[in-house]
Every structure is written in structure tokens, then in C-alpha cells.
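Descriptive structure summary
Listed here are the chains, written in short residue letters.
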Amino acid sequence: MAKVVCEKCNHQFEATNHVVTAGATAAGAATGAWLGSSIGIAMGPLGAIAGTIPGAVIGAALAGLGVTKLTQCPSCGHTFIV
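A few points on the structure. These numbers were taken from a predicted model, which means no experiment stands behind them.

Conventions and cut-offs
- Residues numbered from 1 in each chain as written.
- Predicted model: local features only at pLDDT ≥ 70, side-chain atom pairs only at ≥ 80, totals over all residues.
- Heavy atoms only, no water.
- Helix = DSSP H or I, 4+ residues; strand = E, 2+ residues; numbered from the N terminus.
- Buried < 20%, exposed > 50% of the residue type's maximum accessible area, 1.4 Å probe, protein only.
- Contact = heavy atoms within 4.5 Å.
- Areas by Shrake-Rupley, 256 points an atom, 1.4 Å probe, with all protein chains shown as cover.
- Core = buried A, V, L, I, M, F, W, Y, C linked by side-chain atoms within 4.5 Å.
- Disulfide = S-S within 2.5 Å.
- Patch = residues over 30% accessible without salt bridge, like charges linked within 9 Å, V, L, I, M, F, W, Y side chains within 5 Å.
- Salt bridge = Lys/Arg side-chain N within 4 Å of Asp/Glu carboxyl O.
- Expected span 1.5 Å × (residues − 1).
- Arc of directions from axis to C-beta.

Here's the deal with the overall build of the protein
- Scanning the protein for helices and strands turns up 2 helices and 6 strands.
- Helices and strands in the protein line up, N terminus first, as β-β-α-β-β-α-β-β.
- Relative to its full complement of 82 residues, the protein shows a buried share of 21%.
- By sequence separation, contacts in the protein at least 24 residues apart represent 46% of the contacts at least 6 residues apart.
- Of the roughly 5,600 Å² that the protein leaves accessible, carbon and sulfur atoms contribute 68%.

Things to note about the nonpolar core
- Counting residues in each nonpolar core, the largest one holds 5 residues, listed as Val4, Cys6, Phe13, Cys73 and Phe80.
- Those residues in contact with Val4 that sit more than four places away from it in its chain are His11, Gln12, Phe13, Ala15 and Phe80.

Here we look at the state of the cysteines
- What the rule picks out here adds up to 0 disulfides.
- Here Cys76 is not cross-linked by a disulfide; its sulfur's nearest cysteine counterpart is in Cys6, at 3.6 Å.

What to know about a nonpolar patch on the surface
- On the surface, Ile39, Ile41 and Ile49 cluster together into a nonpolar patch covering about 240 Å² of accessible area.
- On the secondary structure map, Ile41 appears in strand S3 (residues 40-42).

Side note on helix H2 (residues 52-67)
- Relative to the 22 Å expected for 16 residues at 1.5 Å per residue, H2 spans 22 Å between its end C-alpha atoms, a close match to the ideal helical length.
- When H2 is considered as a whole, its buried residues turn out to be Gly55, Ala56, Gly59, Ala60 and Gly64. Seen from one end, H2 has its buried residues packed into an arc of 150 degrees, which puts them on one side. Opposite its buried face, H2 presents the exposed residues Val57, Ile58, Leu62 and Leu65, each directed more than 90 degrees away.

Structure, rendered in C-alpha cells:
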């Protein structure tokens, strides 16, 4: 993991919080599954499937990638994009 230096107080810390990343990924998966359940995906001559599982996968990926870009300094509380 890379060290991050806060823009305000110059405090150095690790930016990754696995609990927050896992929580955001789970919330993104649940939201994606909820939104995807009302969407059908056409598969040509094979028929169609519900968008629940693809929606969950896409939601989890986007949430997991998005939350890792934001971090908060434990010293001064400043939130910034990594």
C-alpha cells in the first residue's frame, strides 16, 4: 500500500480502509441487484435473463472502485481524492 500525505497537515498515513471498501462494495452490489431486477437482458435465440446478477456485479465494481478514490486524514479530518 502507498503512503498518502495530507494536503492540509502533512500527516502521512495508509489510505486503504478495507472495512469501508467492503461495505461500499456490498452496498453497491445490493443496489445494482435491486436496479437490475427490473431490467431484462436479451440473449438472442437463447431467450432472456433478469439483470439481477449482472447488475450486482457492475454495482459492486463501480462502488468498490469509487470508494477507494476518496480518503480522509485521521489527523485533521480533511477529505480529499487520492
